[in-house]
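Below are the chains, spelled out letter by letter.
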Amino acid sequence: MAEQKVRAMYCTVCGGQYMGRQFHNQDTGYGLGDCCANFIRTHRPFGEEPMSTEDIERTYGRNGYHYEIEGAPTLGDYYAQIFGVAQA
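So, the nonpolar core
And then number 1: Core analysis: the largest hydrophobic core is formed by 11 residues, namely Met 9, Cys 11, Tyr 18, Leu 32, Cys 36, Ala 37, Ile 40, Met 51, Ile 56, Tyr 60 and Tyr 67.
And then number 2: Elements supplying a minimum of two residues to this core: strand E1 (7-11), helix H1 (34-42) and helix H2 (53-60).
And then number 3: The residues contacting Ile 56, other than those within four sequence positions of it, are Ile 40, Arg 41, Met 51, Gly 61 and Tyr 67.
And then number 4: Core analysis: the second largest hydrophobic core is formed by 5 residues, Val 6, Ala 8, Met 19 and Ile 69 among them.

Structural data, given as structure tokens:
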């Protein structure tokens, strides 16, 4: 399978934007944002144990590939490239 391009997406937890790759188990354009990844790893409602790494990968994809991608462009750089706007 070819590697997907990193693109602007919406966090399925908070609705914020982040740079990531689509995971098949999430609605198109949505995934676990960098903004909420640590929260998902450490919290769970109703006093339940936090999700295991396997559960997180099954639900949101792989850390470092689908979200929290090292070296991913910033949202500003991404939109500047799409709209042909020079960054200040």
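A closer look at the environment of Thr 12
And then number 1: Within the fold, Thr 12 resides in the loop between E1 and strand E2 (17-20).
And then number 2: The spacing of Thr 12 and Cys 36 is 24 residues in sequence and 9.0 Å in space, taken between C-alpha atoms.
And then number 3: Excluding its chain neighbours within four sequence positions, the residues that come into contact with Thr 12 are Gln 26, Tyr 30, Gly 31, Leu 32 and Tyr 60.
And then number 4: At a separation of 3.4 Å, a polar atom in the side chain of Thr 12 contacts the side chain of Gln 26.

A look at the environment of Gly 47
And then number 1: Mapped onto the elements of the fold, Gly 47 is located in the loop between H1 and H2.
And then number 2: Note: C-alpha distance between Gly 47 and Gln 81 (34 residues apart in sequence) is 44 Å.

Considering the pattern of salt bridges
And then number 1: Within the structure shown, the criterion is met by 4 salt bridges.
And then number 2: One salt bridge in this structure joins Arg 44 and Glu 48, with 3.5 Å as the shortest N-O distance.
And then number 3: Exposure remark for Arg 44: the relative accessible area of 35% places this residue in the partly exposed category.
And then number 4: Taking relative accessible area as the criterion, Glu 48 reaches 42% and is therefore assigned partly exposed.

Rules used throughout
- Residues numbered from 1 in each chain as written.
- Predicted model: local features only at pLDDT ≥ 70, side-chain atom pairs only at ≥ 80, totals over all residues.
- Heavy atoms only, no water.
- Core = buried A, V, L, I, M, F, W, Y, C linked by side-chain atoms within 4.5 Å.
- Buried < 20%, exposed > 50% of the residue type's maximum accessible area, 1.4 Å probe, protein only.
- Helix = DSSP H or I, 4+ residues; strand = E, 2+ residues; numbered from the N terminus.
- Contact = heavy atoms within 4.5 Å.
- Polar contact = N/O pair within 3.5 Å; in protein donor to acceptor, adjacent residues only side chain to side chain.
- Salt bridge = Lys/Arg side-chain N within 4 Å of Asp/Glu carboxyl O.

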